[in-house]
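Secondary and tertiary structure notes
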Amino acid sequence: NIDSIVDLTGNGLESGELVIYYDARVLEVESVILGSLLSGRGAWFVNSRIDDLAGRVIVSVAGLTPLAGRFAGELVQLHAKIK
């Protein structure tokens, strides 16, 4: 989840990068998709690199139209299963 904290009108979110660590002995991350905050807002894209050996997911999101104003919600979804 993400929260703009302040009004970002005129200076909206255009892209972001996350590094998420997890216990690879317990979880197997299968995919990453856009969350509900971005999936219905035009041309937003997500790219991810899942490294099961290191227990790390690198996620990049980018959009053609900035996410402006005040917002809060689900940025991305990680789909994983318990080993």
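The present account deals with the structure reproduced in this document.

Quick notes on the rules
Residues numbered from 1 in each chain as written. Predicted model: local features only at pLDDT ≥ 70, side-chain atom pairs only at ≥ 80, totals over all residues. Heavy atoms only, no water. Helix = DSSP H or I, 4+ residues; strand = E, 2+ residues; numbered from the N terminus. Contact = heavy atoms within 4.5 Å. Areas by Shrake-Rupley, 256 points an atom, 1.4 Å probe, with all protein chains shown as cover. Pairing = 2+ DSSP bridges. Axes fitted to C-alpha atoms, helices over the stretch in contact; angles between N-to-C directions. Core = buried A, V, L, I, M, F, W, Y, C linked by side-chain atoms within 4.5 Å. Buried < 20%, exposed > 50% of the residue type's maximum accessible area, 1.4 Å probe, protein only.

A closer look at the overall build of the protein chain
Across its full length, the protein chain holds one helix and seven strands. Along the chain direction, N to C, the helices and strands of the protein chain fall in the order β-β-β-α-β-β-β-β. For the protein chain, restricting intrachain contacts to residue pairs at least 6 apart in sequence, the fraction spanning at least 24 positions comes to 72%. Surface exposure of the protein chain reaches about 5400 Å², of which carbon and sulfur atoms provide 52%.

Concerning unusual backbone geometry
Positive phi outside glycine occurs at Ile-5, with the angle close to 65°. Residue placement: Ile-5 occurs in the loop between β1 (2-3) and β2 (13-21).

Quick look at the sheet that holds strand β5 (residues 56-67)
With antiparallel pairing, three strands are arranged side by side in an open sheet as β2-β5-β4. Looking along the sheet, the strands with just one partner apiece sit at the ends: β2 and β4 (44-51). Taken over all neighbouring pairs, the strand axes of this sheet differ in orientation by 10° on average, direction set aside. Here β2 runs beside β5; their pairing, made up of eight bridges, is antiparallel. The residue of β5 that forms the bridge with Ser-15 is Ala-62.

Remarks on the nonpolar core
Buried together is how nonpolar side chains tend to be arranged in soluble globular proteins. With 16 residues, the main nonpolar core has Leu-38, Trp-44, Val-57, Val-59, Val-61, Leu-67 and Val-76 as its most contacted residues. Elements supplying a minimum of two residues to this core: β3 (27-34), α1 (36-39) and β5. If near-sequence neighbours (up to four positions away) are discounted, Leu-38 is found in contact with Trp-44, Val-61, Leu-67, Glu-74 and Leu-75.

Observations concerning the environment of Asp-23
By the element assignment, Asp-23 lies in the loop between β2 and β3. Overall, Asp-23 belongs to the partly exposed group, its relative accessible area being 32%. Once the C-alpha coordinates of Asp-23 and Asp-52 are considered, the two residues, 29 residues apart in sequence, prove to be 9.0 Å apart.

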